[in-house]
Amino acid sequence: MNLDALVVYENIHQCVTLSGVAAKKGRHVTEADLGVISQAAVVANSETSQIVWVGKSNDLPTQYQSIVNRFSCDGEVWLPELVECHTHLIFAGDRSHDFALRSKGKTYSEIAAEGGGILTTLSHTRKASFEELMESAEIEINRFQKLGVGTIEIKSGYGLSLESELRILKCIQILQQRVPVQLVPTFMPAHAIPPEYKGRSEDYVKVVCEEWIPEVANSGLANYFDVFIEEGYFSVNQAEKLCLAAQDHGLQLKIHADQFKSLGGTSLAVRLNAQSVDHLDHISKEDIKVLSGSHTVAVLCPGASLFTGTPYAPARDLIDSGARVALTTDFNPGTCPSRNLPLMTTLACTQMKMTVAEAIAGVTYNAAAALGLENQIGSLEAGKQFRVCQIKAQSYEALPYCFGELE
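Scope of this entry: the structure provided in the associated data block. This is a predicted model, so every value here is computed, not measured. (Residues numbered from 1 in each chain as written. Predicted model: local features only at pLDDT ≥ 70, side-chain atom pairs only at ≥ 80, totals over all residues. Heavy atoms only, no water.)

1. Describing the nonpolar core
Right, so step 1: Of all hydrophobic cores here, the largest spans 111 residues; its most connected members are Ile-90, Phe-225, Val-227, Leu-300 and Leu-318.
Right, so step 2: For Leu-318, the residues in contact, after removing those within four places along its chain, are Leu-280, Ile-283, Ile-288, Leu-291, Ala-298, Leu-300, Ala-323 and Val-325.
Right, so step 3: Counting 14 residues, the second largest nonpolar core, distinct from the first, contains Val-184, Tyr-224, Ala-369 and Leu-371. (Core = buried A, V, L, I, M, F, W, Y, C linked by side-chain atoms within 4.5 Å. Buried < 20%, exposed > 50% of the residue type's maximum accessible area, 1.4 Å probe, protein only. Contact = heavy atoms within 4.5 Å.)

See the structure below:
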């Protein structure tokens, strides 16, 4: 090993390694699983951007004691960089009028049926230039990064034509070359039925399966495929057709399910071995049991519940049953225009009765698992990527305590 490439970060007030969370694969997380080390040191390789060693500063192995590149991190709390595992980050326009309508008593479904909702954003996004979408998205990514986020999943889904969906995915590809944040692209043509297919949802599903999915898969622009299962959007049967076609072309799955009604989307996600199933505000007790023993990660969106005034997902039941639970902003213009992932830990603790340890695991290791990246990021352990969130605080407990206002 080239010692000249190694860097020692020492006197870290608290280093939250999440080693126990990783060992338990994110299930039944306790405070002890956070693996908190006081007065810690981390040895990192600057050439490979990997962690070499983690432990107490006083226990630094002899072979690393002569390293010249050393930095004191007194007063800092270190956690793994936060992972944002569900966003709709590339779009144009806003939906402030939808919010005003909801404040008068309109429901999400009623607004959508009247031509608002996702289709409003679709109209603005189709009209926006490639450069406008790029500029807006880069600003949003920078906002996430300032709040400790190092990895962001980004879905398409606001174009809903092959040309516009490819344009959004191309934006993600180019943005990855410009920003230090790791981006995970998801193809989501099944976000809504576009206006040109109104009343012809089966025709739309057919064209997506037979033409769009093969082209996107061949382009290499997406890792995942996603579908919104909900009344007025896509049925479980339609979602299954779409997901099977996506799998046939090498795309992994993420599924929106049970946000407003329990329709069986969670069971489908588990049956198809989806990487995650997201929202789950109305998940049934039967589906909680199905999910609890599966590989599929439950991704909860407390910001969307706060913003829309709808019920929060039953996090306590999910966690106690053994499910792996991640947290997300669900950043989007309609139901959660927030980039504040730390704030989601506050909502998780106060509104969904999660513990601080569970909430921190939800934005680190389990969020990484929701993207299939838990072997690379999500905990601070030797061999993993050196991606760290550093905060000035007395304790890691300040993350949810401070309403997302930590620097």
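The discussion continues.
2. Structural notes on the side chain of His-256
Right, so step 1: With respect to the helices and strands, the residue His-256 is situated in strand S10 (residues 252–257).
Right, so step 2: Its relative accessible area of 3% is what places His-256 among the buried residues.
Right, so step 3: A polar atom in the side chain of His-256 sits 3.3 Å from the side chain of His-86.
Right, so step 4: Of the polar contacts made by the side chain of His-256, one reaches the side chain of Asp-226; its length is 3.1 Å. (Helix = DSSP H or I, 4+ residues; strand = E, 2+ residues; numbered from the N terminus. Polar contact = N/O pair within 3.5 Å; in protein donor to acceptor, adjacent residues only side chain to side chain.)

3. Some points on helix H7 (residues 201–219)
Turn by turn, an α-helix covers 3.6 residues, leaving residues three or four places apart pointing in a common direction.
Right, so step 1: End to end, H7 covers 25 Å across 19 residues, agreeing with the expected 27 Å (1.5 Å per residue, within 8%).
Right, so step 2: The largest bend in H7 is about 40°, located at Val-208.
Right, so step 3: For H7, the full list of buried residues reads Tyr-204, Val-205, Val-207, Val-208, Cys-209, Trp-212, Ile-213, Pro-214 and Val-216.
Right, so step 4: For H7, the elements touching its buried residues are helix H6 (162–178), strand S8 (182–190), strand S9 (224–228) and helix H8 (236–248). (Expected span 1.5 Å × (residues − 1). Bend = angle between axes of the 7 residues up to and from the residue.)

4. A short note on the sheet that holds strand S13 (residues 325–327)
Right, so step 1: The parallel open sheet is built from eight strands, whose spatial order is S6-S7-S8-S9-S10-S11-S12-S13. What marks the edges here is a single partner per strand, and that holds for strand S6 (82–84) and S13. For this sheet, the mean inter-axis angle between neighbouring strands, taken without regard to orientation, is 25°.
Right, so step 2: With five bridges joining them, S9 and S10 adopt parallel strand pairing. In the strand pairing of S10, Tyr-224 is matched with Gln-252.
Right, so step 3: Running over the sheet, helix H5 (residues 130–146) touches S6, strand S7 (149–155) and S8 and is turned about 145° from S7. (Pairing = 2+ DSSP bridges. Axes fitted to C-alpha atoms, helices over the stretch in contact; angles between N-to-C directions.)

5. Let's talk about the environment of Asn-142
Right, so step 1: Note that Asn-142 resides in helix H5.
Right, so step 2: Take Asn-142: its relative accessible area is 32%, and that puts it in the partly exposed class.
Right, so step 3: In sequence terms Asn-142 and Val-179 are 37 residues apart; their C-alpha atoms lie 8.1 Å from each other.

6. Observations concerning the packing of H5 against H6
Think of two packed helices as two axes; the pair is described by the angle between the axes and how far apart they sit.
Right, so step 1: Two elements in contact, H5 and H6, have axes whose closest approach is 10 Å; the angle formed by their N-to-C orientations is 50°. In terms of axis orientation, H5 runs oblique to H6. In this structure, the crossing between H5 and H6 has a hand that is right-handed. Contact residues: H5 offers Phe-130, Leu-133, Met-134, Ala-137, Glu-138 and Ile-141, while H6 offers Arg-167, Lys-170, Cys-171, Ile-174, Leu-175 and Arg-178. (Parallel < 35°, antiparallel > 145°, perpendicular 65-115°, else oblique. Left-handed = near helix turned anticlockwise from the far one by under 90°.)

7. Let's talk about the side chain of Thr-266
Right, so step 1: Relative to the elements of secondary structure, Thr-266 occurs in helix H9 (residues 265–271).
Right, so step 2: Within the structure, the side chain of Thr-266 is placed 2.6 Å from the side chain of Asp-258, a separation counted as a polar contact.
Right, so step 3: With residues up to four places along the chain from it excluded, the contact list for Thr-266 reads Ala-257, Asp-258, Val-277, Leu-280, Ile-283, Asp-287 and Leu-291.

8. A short note on the packing of H6 against H7
Right, so step 1: It is at 11 Å that the axes of H6 and H7 come closest, and there the two elements cross at 25°. By the angle between their directions, the pair H6 and H7 is classed as roughly parallel. In this structure, H6 crosses over H7, and the sense of that crossing is right-handed. Judged by residue contacts, Leu-162, Leu-166 and Leu-169 of H6 engage Trp-212, Glu-215, Val-216 and Ser-219 from H7.
Right, so step 2: Partitioned by chemical class, the residues of the contact of H6 with H7 number five nonpolar, one polar and one charged. (Nonpolar A, V, L, I, M, F, W, Y, C, P; charged D, E, K, R; others polar.)

9. As for empty space enclosed by the protein
Right, so step 1: Inspection of the entire model under this criterion finds three cavities of 30 Å³ or more.
Right, so step 2: There is about 120 Å³ of room inside the largest cavity.
Right, so step 3: Taken together, 14 residues form the lining of the largest cavity, with His-88, Tyr-108, His-191, Gln-259 and Thr-335 sitting closest to its centre.
Right, so step 4: Here the residues of the lining of the largest cavity are counted per class, giving four nonpolar, eight polar and two charged. (1 Å grid on protein atoms, 1.4 Å probe; cavity = no way out; pocket = protein on both sides within 12 Å on 5 of 7 lines; lining within 4 Å. Points joined across faces, edges and corners; volume = space filled by probe spheres on them.)

10. Brief notes about H5
Right, so step 1: Helix length check: H5, at 17 residues, gives a terminal C-alpha distance of 25 Å against a target of 24 Å (1.5 Å per residue), a fit within 8%.
Right, so step 2: If you check which residues of H5 are buried, you get Leu-133, Met-134, Ala-137, Glu-140, Ile-141 and Phe-144. For H5, the angular spread of buried residues about the axis comes to 135°, placing them on one side. In H5, the exposed residues that point more than 90 degrees away from the buried face are Glu-131, Glu-135 and Lys-146.
Right, so step 3: Where H5 is buried, its residues meet S6, helix H4 (118–127), S7, H6 and S8.
Right, so step 4: With its phi angle positive at about 95°, Gly-148 sits one or two positions after the end of H5. (Arc of directions from axis to C-beta.)

11. Observations regarding the pattern of salt bridges
Right, so step 1: Under the counting rule described, the total for this entry stands at 18 salt bridges.
Right, so step 2: Measuring nitrogen to oxygen at the nearest pair gives 2.9 Å for the salt bridge that ties Lys-261 to Glu-231. Separated by 30 residues along the polypeptide, Lys-261 in the loop between S10 and H9 and Glu-231 in the loop between S9 and H8 bring together distant segments of the chain.
Right, so step 3: Residue Arg-271 pairs with Glu-240 through a salt bridge whose shortest N-O separation is 2.9 Å. Of this pair, Arg-271 sits in helix H9 while Glu-240 sits in helix H8, placing them 31 residues apart in sequence. (Salt bridge = Lys/Arg side-chain N within 4 Å of Asp/Glu carboxyl O.)

12. Some remarks on the pairing of strand S1 (residues 6–16)
One face of the sheet, then the other: side chains in a regular strand alternate in exactly this way.
Right, so step 1: Of all 11 residues in S1, nine are buried, a share of seventy percent or more.
Right, so step 2: Here eight bridges tie S1 to strand S2 (residues 36–45), and the two strands are oriented antiparallel to one another. Its bridge partner being in S2, Val-8 is matched across the sheet by Val-43.
Right, so step 3: Two strands pair when backbone bridges link them, and S1 and strand S4 (residues 70–72) are joined in this way by three bridges, in the parallel orientation. Within S4, the position partnered with Glu-10 by the bridge is Ser-72.
Right, so step 4: Here S1 runs beside strand S5 (residues 76–80); their pairing, made up of two bridges, is parallel. If you follow Gln-14 over to S5, its bridge partner there is Val-77.

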